[in-house]
Amino acid sequence: MSKKKNLIEIKNVYKSYRRGNLLIPVLEDITFEIEEGEFLALMGPSGSGKSTLLNLIAGIDKPDKGTIIVDGIDITSLSESELAQWRGLNIGFIFQFYNLIPVLTAFENVELPLLLTNLTKKQRRQQVSLALKIVNLEDRKDHYPGQLSGGQQQRVAIARAFVTDPTILVADEPTGDLDRLSAEEILDLMTRLNLELGKTIIMVTHDPQAAKKARKILTLDKGILYADHQARI
Amino acid sequence: MLIIKLVFKNAFRSKLRSFLTILGLSLAIVAFGFLRTVVEAWYAGVEASSATRLVTRNAISLIFPLPISYKEKIRQVEGVDIVSFGHWFGGVYIDPKNFFANFAIEPESYLKLYPEYLIPEEQKKAFIKDRKGAIAGKKIVEKFGWNLGDNITLKGTIYPGNWEFVLRGLYIGKDKTIDESQFFFHWDYLNENLRKFSPSIADHAGFYIVGIKDAKYAAIVSERIDKQFKNSLAETLTETERAFQLSFIYMTEAILFVIQLVSLIVIIIILAVVANTMAMSVRERLPEFAVFKALGVGGWRVVFLIFGEALILTTIGCLIGTILTFPAAKAFADKMSNYFPVFIVKDETLIFDIIITLVIAVVSSILPTIRALKVTVAESLTRVR
Ligand SMILES: Nc1ncnc2c1ncn2[C@@H]1O[C@H](COP(=O)(O)OP(=O)(O)OP(=O)(O)O)[C@@H](O)[C@H]1O
Ligand SMILES: [Mg+2]
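Residues numbered from 1 in each chain as written. Chains lettered and ligands numbered in written order. Predicted model: local features only at pLDDT ≥ 70, side-chain atom pairs only at ≥ 80, totals over all residues. Heavy atoms only, no water.

Q: It is not clear to me how the environment of Leu23(B) should be interpreted in this structure. Could you clarify?
A: All names here are of chain B. By the secondary structure assignment, Leu-23 is in helix H2 (residues 15-42). Overall, the relative accessible area of 38% leaves Leu-23 in the partly exposed class. Distance from Leu-23 to Leu-313, taken between C-alpha atoms, is 9.9 Å for residues 290 residues apart in sequence. (Helix = DSSP H or I, 4+ residues; strand = E, 2+ residues; numbered from the N terminus. Buried < 20%, exposed > 50% of the residue type's maximum accessible area, 1.4 Å probe, protein only.)

What follows is the structure, given as structure tokens:
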């Protein structure tokens, strides 16, 4: 396999949180790259800073020091509103608790991020239908989140994440709230998105089984990143 | 559009809370409209007053009458057109509860000065001709089921005895501000009896109504009239009918002030209720706003979501409240027509309702909107709950 270009470059990133007048360092001098088309699993004990790192890469939080360059853009230098716009175009989010809007149907939930685009109503409908087809939930499009199982809700959330065709999908414990079987489904779906649609995926997980599905595993411990093993070919 | 749909769905997510908020708002709007209408009713006499009419009364107090000889003297004052007079009779019809204003007047000149009392010409003539004749406003005629030609007996409270009148006419007001619950009869009829039985108080008028040629000169003419009677036994105080009516209201100004204060408090309370509802809704949904933010759906869309939701609640509440204001006012008007002969919900009150609705929607959205805009995605979504 030929060497691919680096999509994400994280350079000397520091992040700490303040609790009272105590400064808690979370990430210390983190440097690594993520290739385009990568499926990366971030592991590590609770409190090690996995979510913090993921949030920095996704542009919903800012480092204290260091740069994060995504596809040639230094996102640490973007303003709050530029960052919001950048996220809308480049990042798809998958959360542990799905975070669907309960009063909107599956279809409408997936349509939500498309409100930011200039697509016509018809184009939007086509795109939403396609996304729901990919996650195999076409027949559930008029159901509300409350009428869907956890696994199904997470599939809707995944459809919402990639419907805008972002380059990167970030997932924070996407299977953390699911049973084995549903988790398996979700991971297979993510693998397909990675292989068939070429999405770069960064997934935080506690679950070694889940991590195995990734191409590469990095482990974070006490603020330091360890390159683990190549999980898959 | 999806975002509008979401606004509507959000507004009724917590059905009980939305219902209670709307209920509170409706009641507040009814209370507000109602209190304002009370205040308006209080001012009805002022509103109905004419700029070309002056009222001359005893300078000491309205309860002291003026000699009837003043009529001629006032008429001769420069700028004066017509002079009439009246006298508060204070008669009671069957029961003191049936209160209505009744005056002894000089019929012809009085009706000339009050063209806003509309009476058919032949009834007017019949009234003027009949010494015991009387006219009454439509409201009390209907209330007591009187017919033309009926004998009506009023029991005197100031002038003892039973006083018999024959109903000769019915007047209606030219517009809604006119009091249609008054009763007028011949001053001559009263005076003749007084001459017979208590001559010392005969030949007096309670007040003079002075029609002037030009409203511009109201102040000067008033001054001229009062100068006429300076240093006489009964000095006069002349003012425009409007000022005269206002002087009654000044006596009750404190009550009016309290009523207006209460209306204001009602609005502040309901503002607090709606603000609380909005704060609760937004607080519960902070993770959703975090999702919006993560997706890049931020800024004015969030403002629109929250303000829109507040506007939906307040608009429904206002609409129900406004609609209910009319039957509430009607019920009150029917029950209290003795005290508030003119009790109508005015357009201004409805405009106030709309303004209140908007103000409440805006004010109650401000803090929740700021909160929702400031939500940090990282904290709201990725920390384990
Ligand atoms: N907003 C914050 N304010 C203060 N401290 C924070 C904040 N976010 C995270 N932390 C702290 O930073 C450290 C790393 O948190 P983070 O959520 O990144 O860990 P994690 O590896 O994702 O853990 P978990 O596996 O439990 O999700 C923890 O000690 C946490 O308490
Ligand atoms: Mg975490």
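Q: Hey, could you run me through the sheet that holds strand E5 (residues 73-74) of chain A in this one?
A: Hydrogen bonding along the main chain pairs the strands of a sheet, whether they run parallel or antiparallel. Residue and element names in this part refer to chain A. Strands sit in the order E2-E1-E4-E5 across an open sheet of four strands; the sheet is antiparallel. Pairing within the sheet leaves two strands with one partner each, and these edge strands are strand E2 (22-35) and E5. In terms of strand pairing, strand E4 (residues 65-70) meets E5 through two bridges, oriented antiparallel. For Val-70, the partnering residue across the bridge sits in E5 and is Ile-73. On top of the sheet, helix H1 (residues 50-58) reaches strand E1 (6-19), E2 and E4; it is set at about 60 degrees to E2, its chief contact. (Pairing = 2+ DSSP bridges. Contact = heavy atoms within 4.5 Å. Axes fitted to C-alpha atoms, helices over the stretch in contact; angles between N-to-C directions.)

Q: Could you clarify how one ought to interpret the interface of chain B and chain A in this entry?
A: Contact residues are listed per partner, giving 22 residues for chain B and 24 residues for chain A. Roughly 2300 Å² is buried in total at the junction of chain B and chain A, and carbon and sulfur atoms are behind 67% of that figure. Applying the counting criterion to the chain B and chain A interface returns one salt bridge. The closest approach of N and O atoms between Glu108(A) and Lys5(B), which form a salt bridge, is 2.2 Å. There are six residue pairs in polar contact (both at pLDDT 80 or more) connecting chain B and chain A. Of all elements in the fold, only helix H1 (2-11), helix H12 (286-295) and helix H15 (377-382) of chain B reach the threshold of two or more residues within the side of chain B that touches chain A. Of all the elements, H12(B) adds the most residues to the side of chain B that touches chain A, at seven residues. A class-by-class count of the residues in the side of chain B that touches chain A yields twelve nonpolar, three polar and seven charged. (Buried area = accessible area lost by both parts, 1.4 Å probe. Salt bridge = Lys/Arg side-chain N within 4 Å of Asp/Glu carboxyl O. Polar contact = N/O pair within 3.5 Å; in protein donor to acceptor, adjacent residues only side chain to side chain. Nonpolar A, V, L, I, M, F, W, Y, C, P; charged D, E, K, R; others polar.)

Q: Hey, could you run me through helix H4 (residues 121-134) of chain A in this one?
A: Side chains that are three or four residues apart share a direction in an α-helix, a result of its 3.6 residues per turn. Residues and elements named next belong to chain A. If you check H4, its first and last C-alpha atoms are 20 Å apart, about what 14 residues at 1.5 Å a residue would give, namely 20 Å. Of all the residues in H4, the buried ones are Arg-124, Val-128, Ala-131 and Leu-132. For H4, the arc enclosing every buried residue in end-on projection is 95 degrees, short of the 170-degree limit, so these residues lie on one face. Residues of H4 that are exposed and point over 90 degrees away from its buried face: Lys-122 and Lys-133. (Expected span 1.5 Å × (residues − 1). Arc of directions from axis to C-beta.)

Q: Mind showing me how you'd approach the confidence of the model for chain B here?
A: In low-pLDDT segments, the atomic positions of the prediction should not be examined closely. In this model, chain B carries an average pLDDT of 91, and 99% of its residues clear a pLDDT of 70 or more. Interface confidence for the predicted complex, given as ipTM, is 0.88, next to a pTM of 0.77. (pLDDT = per-residue confidence, 0-100.)

Q: Help me understand unusual backbone geometry, please; the structure alone is not making it clear to me.
A: Phi at Asp165(A) takes a positive value of approximately 60 degrees, unusual for a residue other than glycine. Along the chain, the position of Asp165(A) falls in the loop between helix H5 (150-162) and strand E7 (168-172). Positive phi outside glycine occurs at Ile94(B), with the angle close to 60 degrees. By the element assignment, Ile94(B) lies in the loop between strand E3 (80-88) and strand E4 (101-105).

Q: What am I meant to see in the pattern of salt bridges here?
A: Oppositely charged side chains can form a pair if their charged atoms are brought close together. For the coordinates displayed, the defined rule picks out 29 salt bridges over all chains. A salt bridge links Asp207(A) to Arg180(A); its shortest N-O distance comes to 3.3 Å. On the criterion of sequence distance, the pair formed by Asp207(A) in the loop between strand E8 (200-204) and helix H7 (208-212) and Arg180(A) in helix H6 (residues 180-196) is long-range, its members being 27 residues apart. Take Asp207(A): its relative accessible area is 19%, and that puts it in the buried class. Exposure remark for Arg180(A): the relative accessible area of 41% places this residue in the partly exposed category. With a closest N to O distance of 2.5 Å, Arg131(B) and Glu192(B) form a salt bridge. With Arg131(B) in the loop between helix H6 (121-129) and strand E6 (133-137) and Glu192(B) in helix H8 (residues 187-197), this pair connects stretches of sequence that are 61 residues apart.

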